[in-house]
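What follows is the residue order along each chain.
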Amino acid sequence: PLLYALPIWVTVAHLHAYAMEVLRDADRPAGLVNDADIRGWITQGRGDLDDAWTDAFLASEWAAVVDYWGLKDFASYRGVQRAGRGKALSPRDRKAIWPVFVAVRAEMAAKGVMTWGDICEVAGALLTEQGLFPFRHVIVDEAQDLGPRELAFVSGLAPPGPRSLFFVGDTGQRIYRWPYPWSAVGIDIRGRGRRLSVNYRTSQQIR
């Protein structure tokens, strides 16, 4: 008897580029906001906010907390953990600066632009709404650089299963300064991870 092998398709793509592709396929193209605009909108939106809250701090808080986690309302911001931020904020502090981030979101909506985190979040929601799992298996390199919304997007690219997701990363090369538990976005790797102890690529002198 003749045996026919089904073709296996492999897609190699940058995660953000793939998220943009999902939006285009759904006729939801998105523009990407730039950091200069964010900083300008923070300056405009601060109003009579106390000068103790500098624009630099507000921009950092936006990047490391508000946009990082995709916070859309004050209740979410009031309860979020701000790991690695160095400066603790009371609920009163958070309430005082939250209107600045509301103003930034309003400007983004008016201009029709999003951050990479927004784009990944929207792309993931589109796939969920359509009941689609584009891949059987997903392999992610440089996994230490995925923010929570990028990681959540990855988790929805393949159907749940014991080997649907495979991550490779090195926390020593993390670009983001803000660590978080992967379980916060539904990925539990406890008892399933392996630490490589031998490096075949980098010499001792270079390391």
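Now for a quick tour of the structure.

How each quantity is defined
Residues numbered from 1 in each chain as written. Predicted model: local features only at pLDDT ≥ 70, side-chain atom pairs only at ≥ 80, totals over all residues. Heavy atoms only, no water. Phe/Tyr/Trp six-rings, centres within 6.5 Å; stacked < 30°, edge-to-face > 60°. Helix = DSSP H or I, 4+ residues; strand = E, 2+ residues; numbered from the N terminus. Buried < 20%, exposed > 50% of the residue type's maximum accessible area, 1.4 Å probe, protein only. Expected span 1.5 Å × (residues − 1). Contact = heavy atoms within 4.5 Å.

Description of the packing of aromatic side chains
If you walk through the whole model with that rule in mind, you get 12 aromatic pairs. Measuring from centroid to centroid gives 5.1 Å for Tyr 68 and Trp 178, while their planes differ by 70°, and the two rings are edge-to-face. Pair noted here: Tyr 68 is in helix α3 (residues 55-69) and Trp 178 is in the segment after β4 (165-167), with a separation of 110 residues, a long-range link. By relative accessible area, Tyr 68 is classed as buried at 7%.

Concerning helix α6 (residues 116-130)
With 15 residues, α6 extends 21 Å between its outermost C-alpha atoms, agreeing within 8% with the 21 Å of an ideal straight helix rising 1.5 Å per residue. Taken residue by residue, α6 has Gly 117, Asp 118, Ile 119, Cys 120, Val 122, Ala 123, Gly 124, Leu 126 and Leu 127 as its buried positions. Of the surrounding secondary structure, the elements contacted by the buried residues of α6 are α1 (15-25), β1 (31-32), α3, α5 (91-111), β2 (113-114) and α7 (148-155). Backbone geometry just downstream of α6 places Gly 131 in the positive-phi region, at approximately 65°.

Quick look at unusual backbone geometry
The backbone of Asp 27 sits at a positive phi, close to 60°, despite the residue not being glycine. Mapped onto the elements, Asp 27 comes out in the loop between α1 and β1. Residue Asp 27 is classed as exposed on the basis of its relative accessible area of 65%. Positive phi is not limited to glycine here, since Glu 142 has a value of about 55°. Within the secondary structure layout, Glu 142 lies in the loop between β3 (138-140) and α7.

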